[in-house]
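# Fold and geometry: a report
Read off the chains here:
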Amino acid sequence: MKIRLRLFARYRDIYGDMKELEVTDPCSPLGILRLAFPRGTEGHTLSFDETGGLKRHLILLINQRRLTGAEYETLILSEGDELALLPPVAGG
Amino acid sequence: MGTPGETPPRGRAVITKEPIEVDRLIMGAHNPNSGAMVTFLGIVRDDGILSIEVEAFEDVAQRDLEEIHELVGRKYPVHCLEIIHRTGQLAIGETILLIVVSSSHRKEAFSAFKEALEAIKARAAIWKKEYTADGGRWIKGNLAHEQQATREEVDS
């Protein structure tokens, strides 16, 4: 199953604006991020705190819908879903 | 018009790559019943930088601005509300953001403007990068927008 990961700002500078990931097992948004940014990578440092949890200021969207914090672990992605990772916004 | 939510205000919420037509939008916000107009321009400031890049998750940012427009237009008795946010590479002195609010009285115009601006800063899917002679640096974003806050906004 292919999942697209949309990236912005600093993430885009490092990884480009889109990362395509191939997953075989059912996977949550957080699972995709762990797959995309393994330990030791810059993406991991940017995304996860010392306990391995997602940094609280990051926002995730599936198919352009903002997720609740609870959905980060519980939602199961489907073929073709687009996960977006939003670093802290700075508009205005 | 005097009651919040009675009629949606004129004006639009737009995210655009094109330069903002400031004069036209301000003139268009005039209304015979409007005794007050608040206009705000966010401008690229010369902080020793060369330029600024404004990046957006365009579809989402457009929707964010429309939601803010609707929310503010429903809450305050405003006649016209324009919210225009630029994206792309901008030089010093260029306008990043325009907000125009016209209403009968200054109090609701200022309140509506402030709420629109704060909401844009808090949640619109937009980022800014400053370029200097040494390279680029992303402007620190809104760290207060945590997962819990997102949940409350979605539920409300």
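In the block above lies the structure referred to throughout.
First things first, this report covers the structure right here in the doc. (Residues numbered from 1 in each chain as written. Chains lettered and ligands numbered in written order. Predicted model: local features only at pLDDT ≥ 70, side-chain atom pairs only at ≥ 80, totals over all residues. Heavy atoms only, no water.)

## A look at the interface of chain A and chain B
For the record, the criterion: In what follows, a contact means two residues having at least one pair of non-hydrogen atoms within 4.5 Å. Throughout, buried area stands for the accessible area (probe radius 1.4 Å) lost by two parts on being put together, summed over both. Only one rule defines a salt bridge in this text: a Lys or Arg side-chain nitrogen within 4 Å of an Asp or Glu carboxyl oxygen. Two N or O atoms form a polar contact when they lie within 3.5 Å of each other; inside protein one atom must be a possible hydrogen donor and the other a possible acceptor, and for residues adjacent in sequence the pair counts only when both atoms belong to side chains. Any residue outside Ala, Val, Leu, Ile, Met, Phe, Trp, Tyr, Cys, Pro, Asp, Glu, Lys and Arg is labelled polar, Gly included; the first ten of those are nonpolar and the last four are charged.
Listed per partner, the contact involves 31 residues of chain A and 34 residues of chain B. Between chain A and chain B, a total of about 2700 Å² is buried, with carbon and sulfur atoms accounting for 54% of that surface. Seen at the junction of chain A and chain B, the total is 4 salt bridges. Of the charged contacts in the structure, one is a salt bridge between Arg12(A) and Glu55(B), with a shortest N-O distance of 3.3 Å. At the junction of chain A with chain B, the criterion picks out 17 residue pairs in polar contact (both at pLDDT 80 or more). A class-by-class count of the residues in the side of chain A that touches chain B yields 16 nonpolar, 6 polar and 9 charged.

## Quick look at the packing of aromatic side chains
Our working definition: Put simply, two rings from Phe, Tyr or Trp (the six-membered ring, in Trp's case) pair if the centres are within 6.5 Å, and we call them stacked under 30 degrees between planes, edge-to-face over 60, tilted for the rest. What counts as a helix is a DSSP run of H or I of at least four residues, what counts as a strand is a run of E of at least two, and both are numbered from the N terminus. Think of it in three bands: with a 1.4 Å probe and only protein chains considered, a residue is buried below 20% of the maximum accessible area for its type, exposed above 50%, and partly exposed in between.
This model, assessed by the stated rule, comprises 5 aromatic pairs over all chains. Ring plane angle 40° and centroid distance 5.7 Å describe the contact between Tyr11(A) and Phe37(A), whose orientation is recorded as tilted. Highlighted residues: Tyr11(A) in helix H1 (residues 10-15) and Phe37(A) in the loop between helix H2 (29-36) and helix H3 (42-47), separated in sequence by 26 residues. Given a relative accessible area of 2%, Tyr11(A) falls into the buried group. Owing to a relative accessible area of 0%, Phe37(A) belongs among the buried residues under this scheme. Grouping aromatic residues by their ring pairs yields a cluster made of Phe8(A), Phe57(B) and Trp127(B).

## A word on helix H2 (residues 58-75) of chain B
This is how the line gets drawn: Expected span of a helix: the number of residues minus one, times 1.5 Å.
The end-to-end C-alpha separation of H2(B) is 26 Å, in line with the 26 Å expected for 18 residues at 1.5 Å each. Every buried residue of H2(B) is accounted for by Val60(B), Ala61(B), Gln62(B), Asp64(B), Leu65(B), Ile68(B), His69(B), Val72(B) and Gly73(B).

## Some remarks on the sheet that holds strand E3 (residues 51-56) of chain B
All names here are of chain B. Note the following rule: Two strands are counted as paired when DSSP detects at least two bridges linking them. Here an angle of 0 to 180 degrees is reported between the N-to-C directions of two axes, which are lines fitted to C-alpha atoms, with helices fitted over the stretch in contact.
In space, the 4 strands of this open sheet follow the order E5-E3-E7-E8, with antiparallel pairing throughout. Strands at the two margins of the open sheet, each flanked by one partner only, are strand E5 (88-91) and strand E8 (135-138). Adjacent strand axes in the sheet meet at a mean angle of 25°, parallel and antiparallel pairs treated alike. Sheet topology note: the E3/E5 ladder contains 4 bridges and is antiparallel. Bridging from a neighbouring strand, Val54 pairs with Gly88 of E5.

## Notes on the pattern of salt bridges
Within this structure, the stated rule accounts for 17 salt bridges over all chains. Ionic pairing is found between Arg10(A) and Glu42(A), a salt bridge with its closest N-O pair at 3.7 Å. Pair noted here: Arg10(A) is in helix H1 and Glu42(A) is in helix H3, with a separation of 32 residues, a long-range link. Among the residues examined, Glu42(A) registers a relative accessible area of 42% and is labelled partly exposed. For the salt bridge of Glu71(A) with Arg65(A), the shortest nitrogen-to-oxygen distance reads 2.9 Å. Through salt bridges that share partners, Arg12(A), Asp13(A), Glu53(B), Glu55(B) and Lys129(B) make up one connected network.

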